[in-house]
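Examination of the molecular architecture
So you can see what is in the structure, the chains are spelled out below.
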Amino acid sequence: MRVSALPLVLLLPLLGAPAPTAGQAIAGPLPESVAEAAYELLNADDSFRLEGGRIPAGTRVEGSVAVLGGSLELGGAIAGTLLVVNGDLELLAGAEVGGPALVIGGAVLGEDRATLEGGLDVYSTPLRYRIENGRVEPVQGAGVGDGLLDSDLGFGQARLSIRSTSAYNRVEGLPVRFGGIVRTAGRNPLTLEASGIWRSVSGLTLGSDHLGHDFGLAQAIGGRGTAEIAVRAYDEYVAIEERGLSDVEASLATFLLREDLRDYYRRRGWSVSARLQPARTPVELTVQYRREDHQTAPVEGPWTLGDAEAPWRPLPLAGEGQSRSLEGELRWDSRDDPSFPADGWLVSLGLRAQVGGVLSLPPADHGLTAGEADRGSGRYRLPRFSAGTLDIRRYARVGPGSRLKLRAFVGGAIEPVALAPQVQFALGGEGTLPAHPRFSVDCGARTRSAYALTGAEEGGRRTLVPVFPSYGCDRIVLFQTEFQGGLPLAGNPLPDNWQDSELGPLFNIRPVWAVFLNAGRGWALEQLSQAGDRSDSPTRADIGVGLFLGPVGAYWSYPLNRSDGGPNFFLRLQQRF
């Protein structure tokens with residue numbers, strides 16, 4: 001493939017575009033001349049056009065690359081011009097671009113790791129376009145880069161934001177965040193985000209228990225992506241564990257099947273954090289201090305398509321009160337593609353320790369019924385928690401179309417004392433041990449439910465609700481391995497003139513088959529007076545096969561021990577790990 005005869009570094013001055021400093025993010029409306037240069041490169045016959053993805057280390061493209069509507073991870077070399085439209089550019093150590101690089105409507109990460117011989121220009125305003133007969137054309141009747149929710153402040157960009165940032169669940173329904181984001185230009189932008197959180201189960205009721213907030217201020221340091229310090233203030237419900245499932249998968253299970261796959265607790269407070277990602281390395285270090293009030297979450301029961309009479313699974317008690325904690329995470333991520341890795345390592349070490357405050361379990365009684373008054377008045381004070389996690393994943397190419405994936409995960413208490421329920425761990429279900437029931441490794445937390453006074457009403461009164469006395473185990477170990485191979489079939493069911501649309505890549509079908517093995521177990525360190533009977537969970541293991549068609553995977557798994565599960569057929573919308 002030939003290098004473009006009219007590289008952007010020469011084209012922009014000829015068209016009268018402003019000449020920004022290399023690497024300087026330009027806010028405000030996108031100059032028409034820059035947009036025209038982008039359209040020309042996108043439609044050039046000698047440009048290699050992508051919808052996002054990766055160019056791994058060791059790969060060299062002898063020409064110009066134009067990425068449309070997606071993000072690019074570049075670890076290899078591009079001999080010509082690089083253009084990324086409405087997506088982010090992540091530059092890995094050793095990446096090279098022989099010509100000019102231009103990013104429109106996105107951000108750049110890792111600029112200092114790469115060699116950019118033609119310089120780098122970044123415009124924060126996205127490019128508005130349509131695809132007609134395979135060509136990228138401007139949207140008629142609208143100024144280039146006009147955004148309905150964007151405003152140019154001169155020193156930066158402001159945007160209104162309405163989005164959901166977590167799964168549809170039985171506590172909030174759909175949590176919708178609404179507010180504004182202000183981001184300054186430059187290599188070290190300052191970002192201010194202020195959001196209210198409306199929970200759909202509240203309807204039009206706007207009481208304090210049905211509204212949350214999240215305010216954050218972050219300052220980048222040392223160039224794009226190198227370091228950041230941030231402060232946050234928030235009132236939110238959070239999942240105790242994501243359980244190996246994406247937000248979309250958890251939302252669909254809740255809405256369609258009336259099965260919420262996660263458990264939650266409420267936290268209110270503030271945090272201060274610092275993040276460091278040294279240039280030209282795959283290392284990232286995050287340190288965080290939190291001062292929070294924790295509370296057991298109530299089951300609100302949002303609307304679902306499933307059986308409306310079926311009861312929701314109770315939530316576990318959470319250690320309630322104030323917690324002051326220190327958290328840290330050290331990551332080494334050398335994967336060639338975070339979404340569909342074929343080679344590399346991911347190693348994550350996390351630590352979480354309570355350094356102040358007091359958490360206690362509300363009174364709970366296995367003999368109470370929902371109509372009875374509370375029999376207990378005391379609360380069980382929990383010891384301060386300290387927990388760690390170690391997640392090691394290895395991805396290795398075995399052949400041109402096959403790969404081997406290995407994962408070992410260990411999590412649990414550092415000291416030999418029981419953890420607060422919101423810090424405990426559990427296994428079982430499609431995200432971890434798919435042939436065994438959900439929460440099958442929970443150290444007896446769900447052997448039987450109890451009733452406890454939780455939540456808060458006007459006048460300080462509390463409500464008697466069914467709960468599980470704890471969440472899971474104090475220590476767990478999980479091992480997963482999977483071998484994948486490609487099938488000699490590929491295609492896109494969309495008509496030819498639709499395949500170049502922004503949704504076209506979602507329908508690219510590249511069948512991949514898989515065989516896998518999982519095993520895990522858990523330990524309970526001591527009894528909690530309010531937590532009922534807790535005991536170690538024995539080892540559970542399963543095997544299975546799967547087939548991925550584009551973004552959808554179909555799996556079948558079978559237990560190797562304990563007949564409490566049985567064969568399980570399930571669908572996934574992402575890779576298992």
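The structure under discussion appears in the preceding block.
The paragraphs below set out a description of the structure included in this document. (Residues numbered from 1 in each chain as written. Predicted model: local features only at pLDDT ≥ 70, side-chain atom pairs only at ≥ 80, totals over all residues. Heavy atoms only, no water.)

1. Looking at unusual backbone geometry
Unusually for a residue other than glycine, phenylalanine 439 sits at a positive phi of about 60°. Looking at the secondary structure, you find phenylalanine 439 in the loop between strand S30 (402-413) and strand S31 (450-454). At cysteine 443, a residue that is not glycine, the phi angle is positive and equals roughly 55°. By the element assignment, cysteine 443 lies in the loop between S30 and S31. (Helix = DSSP H or I, 4+ residues; strand = E, 2+ residues; numbered from the N terminus.)

2. Topic: the state of the cysteines
Chemically, a disulfide is nothing more than a covalent bond linking the sulfur atoms of two cysteines. Taken as a whole and assessed by the stated rule, the structure comprises one disulfide. Each disulfide pairs two cysteine sulfurs, and for cysteine 443 the partner residue is cysteine 473, the sulfurs being separated by 2.1 Å. Of note, the bridge from cysteine 443 to cysteine 473 carries an S-S torsion of about 110° and is right-handed in sense. Of this pair, cysteine 443 sits in the loop between S30 and S31 while cysteine 473 sits in the loop between strand S32 (463-467) and strand S33 (475-486), and the two are 30 residues apart along the sequence. (Disulfide = S-S within 2.5 Å.)

3. Some remarks on helix H2 (residues 32-43)
Its 12 residues place the ends of H2 17 Å apart at the C-alpha level, agreeing with the 16 Å of an ideal helix rising 1.5 Å per residue. With nine of 12 residues buried, H2 is to be regarded as a mostly interior element. Within H2, the full set of buried residues consists of Ser33, Val34, Ala35, Ala37, Ala38, Tyr39, Leu41, Leu42 and Asn43. (Expected span 1.5 Å × (residues − 1). Buried < 20%, exposed > 50% of the residue type's maximum accessible area, 1.4 Å probe, protein only.)

4. Let's talk about the environment of glutamate 320
Along the chain, the position of glutamate 320 falls in strand S25 (residues 320-333). Relative accessible area serves as the criterion here: at 6%, glutamate 320 is assigned to the buried category. The spatial distance from the C-alpha of glutamate 320 to the C-alpha of aspartate 293 is 7.2 Å, given a sequence separation of 27 residues. Within the local environment of glutamate 320, its side chain forms a polar contact with the backbone nitrogen of threonine 296, the two atoms lying 2.9 Å apart. (Polar contact = N/O pair within 3.5 Å; in protein donor to acceptor, adjacent residues only side chain to side chain.)

5. A look at the sheet that holds strand S9 (residues 89-91)
Read from one edge of the open sheet, four strands run S3-S6-S9-S12, paired in parallel fashion. Looking at the sheet topology across the chains shown, the edges are occupied by strand S3 (53-55) and strand S12 (108-109). Looking at chain direction, strand S6 (residues 72-74) and S9 are connected through three bridges and run parallel. Pairing of glutamate 73 across the sheet is with glutamate 90, part of S9. (Pairing = 2+ DSSP bridges.)

6. Regarding the packing of aromatic side chains
The full count for this structure, using the stated rule, is nine aromatic pairs. Consider the rings of tryptophan 270 and tyrosine 289, whose centres lie 5.8 Å apart with planes at 55°: the pair is tilted. Of this pair, tryptophan 270 sits in strand S23 (residues 264-276) while tyrosine 289 sits in strand S24 (residues 283-296); the two residues are 19 residues apart in sequence, bridging distant segments of the chain. Relative to tyrosine 558, the ring of tryptophan 556 lies with its centre 6.1 Å away and its plane at 20°, an arrangement referred to as stacked. (Phe/Tyr/Trp six-rings, centres within 6.5 Å; stacked < 30°, edge-to-face > 60°.)

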